[in-house]
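# Observations on chain architecture
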Amino acid sequence: MVILYTYNNGVYINLKDVDMTTKESGHRNIYVNLTNQCPCSCTFCLRNTKEMAQSNSLWLDREPTIQEVIGEFEKYDLSKFDEIIFCGFGEPLTRLDDLLEVAKYLKDRSGNTPIRVNTNGLADLMHKKKIAPLLKDLINTVSISLNASNAEEYFRLTRNKFGIESYDAMLKFAVSCKEYVTNVVMTVVDCIGQEEIDACQDVCDTVGVPLRVRPFE
Ligand code: SF4
């Protein structure tokens, strides 16, 4: 089971397989793989291809317990890492309480290492409450997948279980995060075309959150 991993030149590497004694091992990000669960079924997500999902080493046969996640972190000197990112092959905020507990442990142990959550931004819908206040003082960055410049295209792409209203809920989540989290960004992939990227920039300007255009993997 891959709980912690890192990423280098397009390749995911189990942290266990990284030689932490070499100079090259420094300045990495740690990614935390908490869950496969997600309320979306994005057209572009590798999880949709069962074969891909099962052959991908990030696929979890069962979710790691909080103790297992902390046990993995205990093996490393966290000061050697630039950022700790809850990400993985599913939506990390589906395990909200567990994520917060691990984040608390990390802040107690290594308060200077920034923590980021990469999310679809639908956590308020998932948990039926405003969750941004819970992230205060624990999460340094929330990175939200904007995916599209309008509700119809967003719903067509994400095929999430909440319906067309999910787009506005995701934007509302971004706004509420600004109150409690230092860095809030929204992301789109670079293959959606310049016109759509510009339209997404307009959405971000309205919401007051920076847009990051990231390479499609
Ligand atoms: S939100 Fe992320 S994990 Fe969930 S289906 Fe979409 S791409 Fe996959």
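On a predicted model such as this, the values are computed, not experimentally measured, just so you know.

Put simply, helix 6 (residues 151-158) and helix 7 (residues 166-180) touch, their axes get as near as 8 Å, and they point 100° apart. Classified by the angle between their axes, helix 6 and helix 7 sit roughly perpendicular to one another. Judged by residue contacts, Ala151, Tyr154 and Phe155 of helix 6 engage Ser166, Tyr167 and Met170 from helix 7.

Turning our attention to the site of the ligand. Taken together, Cys38, Cys40, Ser41, Cys42, Phe44, Cys45, Arg47, Gly90 and Asn120 form the complete shell of residues around the ligand. Counting atoms within 2 Å of the grid points, the majority share of the ligand lands in the largest pocket. In terms of residue class, the shell around the ligand is built from five nonpolar, three polar and one charged.

What follows deals with the pairing of strand 3 (residues 28-32). Buried residues dominate strand 3, accounting for four of its five residues. Sheet topology note: the strand 1 (residues 4-8)/strand 3 ladder contains two bridges and is antiparallel. Within strand 3, the residue paired with Tyr5 across the bridge is Tyr31. Bridge count for strand 3 against strand 4 (residues 81-86) is five bridges, and the pairing is parallel. The residue bridging Tyr31 from the neighbouring strand is Ile85, located in strand 4.

At a closest axis distance of 10 Å, the pairing of helix 2 (residues 66-73) and helix 3 (residues 96-109) adopts a crossing angle of 30°. Here helix 3 runs roughly parallel to helix 2, going by the angle between their axes. In the crossing of helix 2 with helix 3, the sense of the turn from one axis to the other is right-handed. On helix 3, the residues that touch Ile66, Val69, Ile70 and Phe73 of helix 2 are Asp98, Glu101, Val102, Tyr105, Leu106 and Arg109. Of the residues assigned to the contact of helix 2 with helix 3, the class counts are seven nonpolar, no polar and three charged.

Spatially, eight strands are ordered 2-1-3-4-5-6-7-8 in an open sheet, and the strand pairing comes out mixed. Taken across any chain shown, the strands that pair with only one partner, and hence form the sheet edges, are strand 2 (11-14) and strand 8 (211-214). Strand-to-strand twist of the sheet, defined as the mean angle between neighbouring strand axes without regard to direction, takes the value 30°. Relative to strand 2, strand 1 runs antiparallel, the two sharing four bridges. Residue pairing for strand 2: Asn8 is matched across the bridge by Val11. Packed on one face of the sheet, helix 2 meets strand 1, strand 3 and strand 4 and runs near 165° to strand 3.

As a further point, take the environment of Thr119. With respect to the secondary-structure elements, Thr119 resides in strand 5 (residues 115-119). In this structure the C-alpha to C-alpha distance between Thr119 and Ile144, which are 25 residues apart in sequence, comes to 5.0 Å. For Thr119, the contacting residues outside a window of four places in its chain are Glu91, Leu93, Val142, Ser143, Ile144, Ser145 and Phe173. For Thr119, the side chain forms a polar contact with the main-chain nitrogen of Gly121, separated by 3.0 Å.

Moving on, we get to the layout of surface pockets. Computed from the structure, the largest pocket encloses a volume of approximately 1300 Å³. At four residues, the largest contribution of residues to the lining of the largest pocket is made by helix 6. Within the lining of the largest pocket, the residues separate by chemical class into 21 nonpolar, 14 polar and nine charged.

With that settled, the discussion passes to the nonpolar core. Counting 61 residues, the largest nonpolar core has Phe73, Leu146 and Met186 as the members making the most contacts within it. When residues of this core are assigned to their parent elements, the largest contribution, seven residues, is made by helix 3. Membership of the second largest hydrophobic core comes to seven residues, among which are Val2, Tyr5, Ile85 and Phe89.

Criteria and cut-off values
- Here the residue numbering is sequential within each chain, running from 1 through the sequence in written order.
- In keeping with the model being predicted, local features are shown solely for residues with a pLDDT of at least 70 and side-chain atom pairs are shown and tallied solely at 80 or more, while totals for entire chains, interfaces and linings include all residues.
- Note that water and hydrogens are dropped before the side-chain values are worked out from all heavy atoms of the structure.
- Axis lines are fitted to C-alpha atoms, over the contacting stretch for helices. Their N-to-C directions set the angle, which ranges from 0 to 180 degrees.
- Helix and strand assignments come from DSSP, with helices taken as H or I runs of at least 4 residues and strands as E runs of at least 2, each series counted from the N terminus.
- Roughly parallel means an angle under 35 degrees; roughly antiparallel, over 145; roughly perpendicular, 65 to 115; everything else is oblique.
- Any two residues having at least one pair of non-hydrogen atoms within 4.5 Å are treated as being in contact.
- Any residue with a heavy atom lying within 4 Å of a molecule or strand is counted as near it.
- Within this scheme a cavity is a closed region of a 1 Å grid, computed over the protein atoms alone, that accommodates a 1.4 Å probe without allowing it to escape, whereas a pocket is open but has protein on both sides within 12 Å along at least five of seven lines; lining residues each have an atom within 4 Å of a point.
- What decides whether a molecule sits in a cavity or pocket is whether more than half of its atoms lie within 2 Å of the grid points.
- Charged means Asp, Glu, Lys or Arg here, nonpolar means Ala, Val, Leu, Ile, Met, Phe, Trp, Tyr, Cys or Pro, and polar covers whatever is left, Gly included.
- For the exposure calls, accessible area comes from a 1.4 Å probe over protein chains only, and a residue counts as buried if that area is under 20% of its type's maximum, exposed if over 50%, partly exposed in between.
- What makes two strands pair is DSSP finding at least two bridges between them.
- Should the near helix be turned anticlockwise from the far one by less than a right angle, the crossing is left-handed, and should it be turned clockwise, the crossing is right-handed.
- The term polar contact refers here to a pair of N or O atoms within 3.5 Å; inside protein, the definition further demands a hydrogen-donor-capable atom paired with an acceptor-capable atom, and it admits residues adjacent in sequence only when both atoms are side-chain atoms.
- Grid points are joined across faces, edges and corners, and a volume is the space filled by probe spheres set on the points.
- The set of buried Ala, Val, Leu, Ile, Met, Phe, Trp, Tyr and Cys residues whose side-chain atoms join them within 4.5 Å is what this entry labels a nonpolar core.

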